[in-house]
Amino acid sequence: MSLLVTALMVVLGLTVLAGAAALRHVDREWRHAITDSWTLELNAADPGHAPSPDEIDLAVTTLRAIPGIVTVRQIEAAELDHLLQPWLGDPATVAQLPLPALFDIAIDPDRPPDPAFVDGRIRTALPNARLDDHQAWTRDLSRLARTGEAMGLALFAIVIVTATLTVAATARARLAVNRPEIELLHRIGASDAFIAQQFESGAFRSAVAGALLGLVITAAAGAAIVALGPAVAPLAVHLRLTLVDFAALAAVPVGIVVLATLVTRSTARALLRRLI
Amino acid sequence: MISFDNVGFRYGVGPEILRDISITLEAGSFHFLTGPSGAGKSTLLNLMHLSLRPTRGLLTVFDKDIGALRRRDLPPLRRRIGMVFQDFRLLDHLSVFDNAALPLRLVGTREKHVRRDVTEILEWVGLGRELNVSPRALSGGEQQRVAIARAVVARPSVLLADEPTGSVDEEIGRRIIRLFEELHRLGTAVVIATHNWDLVDRFPHPRLELNDGQLVRLPDGDRYG
């Protein structure tokens, strides 16, 4: 495999793996952000009106009494207006509507309550209340992120397969070009292992140089993305690598060098067996 | 050392090139292998050199039945046989020194010993001042001597030479045969394939005559045709 092809494989491998790591992090962020807080929607018992202060107090009291609920905060009217204004228009119009009261419920992540239990408890006290634990959202978002991550890993597998085929083709071409020299070495007593070693050494040196070039290109591209900011590369801001991620990324150039060396060796040995 | 017992050889499904070859080459012997062009001299040398396997009969080299040997067992035997090719087969991207050093380096000889032995052998063939030049810069005779140096540098038990004087003038040809005689005196068995009758007549060594795929041993002084 030529130096430039190796560099390209390293760039592709690192980019795809980094992208998969970013998606995994996004998934984790979304799930934590959403599952640690629930929303209660409280409609008034009297249709056409906003919930009464008593109903609101009862909702807050009921929720606060449940273990695992850390805080219960009613979303302020101004905040609600701000949220609805893009859809409903004039604030004066919004203020006249019989809107439900919304409560932001913070959950203790270490001992979260059972959403069904909370829903049952609040509906017993206030039949017009509805609890949203955001599970439907998180499931879809997680599925999306995991699909992206799986596609990234599939692309990485394609990069590895392509690299393997390229290395094998390069080794075959080099053996064909050097056929006279190989026959001479055989005839003066060189073993297949000795001859394969010569090709393997060349492949190793070329792969190391290509891997270093690939690292430099990827680092430069990464620095450029960070400098350009989230407007250009929104996913990049989520790229917070764990030790495992770093290990996986570091394994890419090393793995491609090892792959190039081993595939060259096995290809050379297989082809040499067909010669004299 | 090398023994043929009713050996036959054909390429693929073609006609038999060599038929019923039976001969034993003893250690320390010296033979000319003669015969017209296309008689099969190179094929017979390639059988001796283990580049080909007989299609019938028994070929033993250093007491090993070549037909029964596995492929990976051949290189150690080949290293005991030096071969001078008709077309030299020097590697142009290597210097004269590195070409001659190949047989030593492929068995992992220490570089200090490689330098000593290769320098000595290149001085022996008269190329002590050409160590670092490319073979392309040498004349045909000089290239032939590099090929000889490569063939003998690892002190083989047998030296096979395929038309070693084919591309050099008569004087250089005689010097090359004298080099082989020196090696022979040191105990190496030598087989020289040639159709240069004048050269053969100048040296008192037994001849093996290949004609129509069959081998006959001629007493010294006899001559084909």
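All values derive from a computational prediction rather than experimental measurement. (Residues numbered from 1 in each chain as written. Chains lettered and ligands numbered in written order. Predicted model: local features only at pLDDT ≥ 70, side-chain atom pairs only at ≥ 80, totals over all residues. Heavy atoms only, no water.)

Draft legend 1. Seen up close, the sheet that holds strand β4 (residues 129-132) of chain A. All names here are of chain A. The strand order across the open sheet built from four strands is β2-β3-β1-β4, with neighbouring strands paired in antiparallel fashion. Both outer strands of the open sheet, β2 (69-74) and β4, are each paired with one neighbouring strand and no more. Strand-to-strand twist in this sheet, taken as the mean axis angle between neighbours without regard to direction, amounts to 20 degrees. Pairing geometry for strand β1 (residues 37-42) and β4, over four bridges, is antiparallel. (Pairing = 2+ DSSP bridges. Helix = DSSP H or I, 4+ residues; strand = E, 2+ residues; numbered from the N terminus. Axes fitted to C-alpha atoms, helices over the stretch in contact; angles between N-to-C directions.)

Draft legend 2. View of the packing of helix α6 (residues 135-177) of chain A against helix α7 (residues 179-187) of chain A. Residue and element names in this part refer to chain A. Following both chains from N to C, one finds α6 and α7 inclined at 75 degrees, their axes separated by 4 Å at the closest point. For the element pair α6 / α7, the angle class is roughly perpendicular. Contacts between α6 and α7 involve Leu175, Ala176 and Val177 from the former and Arg179, Pro180, Glu181 and Ile182 from the latter. Of the residues in the contact of α6 with α7, the class split is five nonpolar, no polar and two charged. (Parallel < 35°, antiparallel > 145°, perpendicular 65-115°, else oblique. Contact = heavy atoms within 4.5 Å. Nonpolar A, V, L, I, M, F, W, Y, C, P; charged D, E, K, R; others polar.)

Draft legend 3. Spotlight on the pattern of salt bridges. Per the stated rule, a full pass over the model turns up 24 salt bridges over all chains. We note a salt bridge from Arg179 of chain A to Glu183 of chain A, for which the minimum N-O separation is 3.2 Å. Here the residue Arg179 of chain A and the residue Glu183 of chain A both occupy positions in helix α7, the gap between them amounting to four residues, near one helical turn. Across the pair Arg19 of chain B and Asp212 of chain B runs a salt bridge whose closest N-O atoms are separated by 3.8 Å. Here the residue Arg19 of chain B occupies a position in strand β2 (residues 16-25), and Asp212 of chain B occupies one in the loop between β9 (207-211) and β10 (214-218), the gap between them amounting to 193 residues. (Salt bridge = Lys/Arg side-chain N within 4 Å of Asp/Glu carboxyl O.)

Draft legend 4. Structural detail: the side chain of Asp192 of chain A. Along the chain, Asp192 of chain A falls in helix α8 (residues 192-228). A relative accessible area of 16% means that Asp192 of chain A is categorised as buried. Within the structure, Asp192 of chain A has its side chain in polar contact with the side chain of Arg71 of chain B (distance 2.3 Å). Filtering out sequence-adjacent residues up to four positions away, Asp192 of chain A remains in contact with His186, Leu272 and Arg273 of chain A together with Arg71 of chain B. (Buried < 20%, exposed > 50% of the residue type's maximum accessible area, 1.4 Å probe, protein only. Polar contact = N/O pair within 3.5 Å; in protein donor to acceptor, adjacent residues only side chain to side chain.)

Draft legend 5. Inspection of the confidence of the model for chain B at higher detail. All names here are of chain B. For chain B, the mean per-residue pLDDT works out to 88, and 97% of the residues sit at or above 70. Per-residue pLDDT, averaged within each element of chain B, yields its smallest value for β10 (81) and its largest for helix α3 (residues 96-105) (94). Considering only residues more than four positions removed or in separate chains, one finds that residues 221-225, a stretch of pLDDT under 50, has 11 contacts. Scoring the predicted complex yields pTM 0.67 and, for the interface, ipTM 0.82. (pLDDT = per-residue confidence, 0-100.)

Draft legend 6. Layout of the packing of α3 of chain B against helix α5 (residues 140-152) of chain B. Residue and element names in this part refer to chain B. Remark: α3 packs on α5, axes separated minimally by 6 Å, with the N-to-C direction vectors making an angle of 30 degrees. If you check the angle between α3 and α5, you find them roughly parallel. In the crossing of α3 with α5, the sense of the turn from one axis to the other is right-handed. Facing α3, whose interface residues are Val96, Asn99, Ala100 and Pro103, α5 presents Val146, Ala149 and Arg150. Split by residue class, the contact of α3 with α5 holds five nonpolar, one polar and one charged. (Left-handed = near helix turned anticlockwise from the far one by under 90°.)

Draft legend 7. Highlighting the interface of chain A and chain B. Taken together, the contacts link 15 residues of chain A with 16 residues of chain B. Here chain A meets chain B over a buried area of about 1,500 Å², counting both sides, of which 59% is carbon and sulfur. Looking at the side of chain A facing chain B, the largest losses of area belong to Leu184, Arg187 and Ile188 of chain A, adding up to 48% of the total buried there. Applying the counting rule to chain A against chain B returns one salt bridge. In this structure, Arg71 of chain B and Asp192 of chain A form a salt bridge, with 2.3 Å as the shortest nitrogen-oxygen distance. The tally of links between chain A and chain B comes to seven residue pairs in polar contact (both at pLDDT 80 or more). Elements with a contribution of two residues or more to the side of chain A that touches chain B: α7 and α8 of chain A. Ranked by residue count, the leading element in the side of chain A that touches chain B is α7 of chain A, at five residues. A breakdown of the residues in the side of chain A that touches chain B according to their chemical character gives eight nonpolar, three polar and four charged. (Buried area = accessible area lost by both parts, 1.4 Å probe.)

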